[in-house]
Amino acid sequence: YLSQYDLPGARLMGYISFRAAAALILSILIATIIGRRIIDRLQLMQVGEIVRNLGIEGQMSKTGTPTMGGVIIIIAVLVPCLLVGNLTNTYMLLMIVSTLMLGALGFLDDYKKIKKHNKDGLKGKYKIVGQVVVGLIVGLTMYLSPDIVVNENVEQPATDGEIEVLYKPTAEKQPITTIPFVKSNNLNYAWFTQWAGEHAETAGWILFILVTIFVVAAVSNGANLTDGLDGLATGSSAIIGVALAVMCYLGGNIVYSSYLNIMYIPGSGE
């Protein structure tokens, strides 16, 4: 959009590294500018945390801390993505949708705590249902979308005796994942469903979707447990964000993927 006006530097928007840096700077600015105002506003509205006593030392000190602060994280993540992200990219759309859905789940939980003065918030079974629905959407999208494919890495001896990493010439849709730090580390879920005969790959995808649901629910609850103890959602989210950024960028870059001997996943860097 910017390049049609011949603006200086507009072509930089074509580079994912530049847009990632721009998104990082924008998110810091947004969180800095609106974060304090949101916290002050929540304190003014007396929107304080109601803590369930788990008998852990120092845990009750969180009582009265403004709740719904997660809205700062969500705004700081989504606004830069909408401004500088490629919104035709399936991974980007999937991330935005899942962030909004889990954010809505968190909002409902906090709203119930405040409105009804209920320290338990949203019932656990409803949280699990919400997380399973998000995991199901992610898993089904990965299965059904023609844009989510992989170029599998293959090792072969080079002329100088070293091992050379090559990629299959065509991108394929497979229920496959990389296990880090393990040699020959591509795991195809269809290997576990060989008993299904000609339906082995479909059964492998079903297993893949179930694992996806488990991962989404596990990570979401891991953040909930951490935040519930001492308001540490920001710290754990930052660690998750950095790790996710590194994995996505490396997997979406064919040069780094080859060097690290991992699958090349076109478009995942977005």
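Since the structure is predicted, the reported quantities are computational estimates derived from the model, not experimental observations. (Residues numbered from 1 in each chain as written. Predicted model: local features only at pLDDT ≥ 70, side-chain atom pairs only at ≥ 80, totals over all residues. Heavy atoms only, no water.)

Peer 1: Just to check I follow, could you spell out the environment of Ala200 for this structure?
Peer 2: Along the chain, Ala200 falls in helix H5 (residues 200–230). Taking the C-alpha atoms as reference points, Ala200 and Tyr189, separated by eleven residues in sequence, lie 9.1 Å from one another. Ignoring sequence-local partners within four residues, the contact set of Ala200 consists of Ala190, Thr193 and Gln194. (Helix = DSSP H or I, 4+ residues; strand = E, 2+ residues; numbered from the N terminus. Contact = heavy atoms within 4.5 Å.)

Peer 1: How should the pairing of strand S2 (residues 163–167) be read in this particular structure?
Peer 2: Along any regular strand, the residues point their side chains to alternate faces of the sheet. Bridging between strand S1 (residues 153–157) and S2 involves five bridges; their strand directions are antiparallel. Residue pairing for S2: Glu155 is matched across the bridge by Val165. If you look at the hairpin formed by S1 and S2, you'll find five residues sitting between the two strands, and Gly161 has a positive phi there, around 90°. (Pairing = 2+ DSSP bridges.)

Peer 1: Looking at this structure, how should I read helix H3 (residues 90–115)?
Peer 2: Given 3.6 residues per helical turn, the α-helix brings residues three or four places apart onto the same face. Under the 1.5 Å per step criterion, the end-to-end length of H3 is 37 Å for 26 residues, consistent within 8% with the ideal 38 Å. For H3, the full list of buried residues reads Thr90, Tyr91, Met92, Leu94, Ile96, Ser98, Gly103, Leu105, Asp109, Asp110 and Lys113. Looking at the buried residues of H3, the elements they touch are helix H2 (70–84) and helix H4 (124–144). Regarding H3, its N-cap is Asn89, as a side-chain oxygen of that residue lies 2.8 Å from the backbone nitrogen of Tyr91 further along. (Expected span 1.5 Å × (residues − 1). Buried < 20%, exposed > 50% of the residue type's maximum accessible area, 1.4 Å probe, protein only. Polar contact = N/O pair within 3.5 Å; in protein donor to acceptor, adjacent residues only side chain to side chain.)

Peer 1: Honestly, the packing of aromatic side chains in this entry has me stumped. Any pointers?
Peer 2: By convention here, two paired aromatic rings are described through the distance between centres and the angle between planes. Per the counting criterion, the structure on display carries six aromatic pairs. A ring pair is formed by Tyr143 and Trp205, whose centres lie 5.2 Å apart and whose planes are at 40°; its orientation type is tilted. In this pair, Tyr143 sits in helix H4 while Trp205 sits in helix H5, placing the two residues 62 residues apart along the sequence. Since its relative accessible area comes to 5%, Trp205 is described here as buried. The interplanar angle of 70° and the centroid separation of 6.3 Å between the aromatic rings of Tyr167 and Tyr264 together place this pair among those described as edge-to-face. With a gap of 97 residues between them, Tyr167 in strand S2 and Tyr264 in the segment after helix H7 (254–260) connect regions that are remote in the sequence. (Phe/Tyr/Trp six-rings, centres within 6.5 Å; stacked < 30°, edge-to-face > 60°.)

Peer 1: Would you mind showing me how to read unusual backbone geometry here?
Peer 2: Note: most residues except glycine have negative phi, and most peptide bonds are trans. Of note in the backbone geometry, Asp6 takes a positive phi value of approximately 55° without being a glycine. For Asp6, a relative accessible area of 68% gives the class exposed. The phi dihedral of Asn261 is positive, around 60°, even though this residue is not glycine. Structurally, Asn261 can be placed in the segment after H7. Residue class for Asn261 comes out buried when judged on its relative accessible area of 16%.

Peer 1: Sorry, what's going on with the pattern of salt bridges here?
Peer 2: Oppositely charged side chains can form a pair if their charged atoms are brought close together. Tallied over the entire structure, the rule returns four salt bridges. The salt bridge partner of Arg19 is Glu270, with a shortest N-O separation of 2.7 Å. Placement of Arg19 in helix H1 (residues 16–44) and of Glu270 in the segment after H7 is noted, with a sequence separation of 251 residues between them. Here Lys168 ties to Glu152 by a salt bridge, and the two come within 3.2 Å at their closest N and O atoms. Of this pair, Lys168 sits in the loop between S2 and strand S3 (176–178) while Glu152 sits in the loop between H4 and S1; the two residues are 16 residues apart in sequence, bridging distant segments of the chain. Here Lys168 falls in the partly exposed class, since its relative accessible area comes to 30%. (Salt bridge = Lys/Arg side-chain N within 4 Å of Asp/Glu carboxyl O.)

Peer 1: What exactly am I supposed to notice about the packing of H3 against H4 here?
Peer 2: Two packed helices can be described by the angle between their axes and the distance between those axes. For the pair H3 and H4, interaxial distance at closest approach is 10 Å and the crossing angle is 175°. With respect to each other, H3 and H4 are oriented roughly antiparallel. Along its contact with H3, which presents Thr90, Leu94, Ser98, Met101, Leu102, Leu105 and Asp109, the element H4 presents Tyr126, Lys127, Gly130, Gln131, Val133, Val134, Ile137, Val138, Thr141 and Met142. (Axes fitted to C-alpha atoms, helices over the stretch in contact; angles between N-to-C directions. Parallel < 35°, antiparallel > 145°, perpendicular 65-115°, else oblique.)

Peer 1: What should I look at first to understand the side chain of Ser257 in this one?
Peer 2: With respect to the helices and strands, the residue Ser257 is situated in helix H7. Accessibility expressed as a relative area gives 0% for Ser257, which makes it buried. In terms of polar contacts, Ser257 uses its side chain to reach the backbone carbonyl oxygen of Leu250, at 2.8 Å. Other than its neighbours up to four places away in sequence, Ser257 contacts Tyr167, Leu250, Gly251, Ile262, Met263 and Tyr264.

Peer 1: Would you take a moment to explain the side chain of Glu152 for this structure?
Peer 2: According to the relative accessible area criterion, Glu152 is buried, its value standing at 15%. Only 3.5 Å separates the side chain of Glu152 from the side chain of Gln174, close enough to count as a polar contact. Those residues in contact with Glu152 that lie beyond four places of it in its chain are Leu166, Tyr167, Lys168, Gln174, Ile176, Asn186 and Met263.

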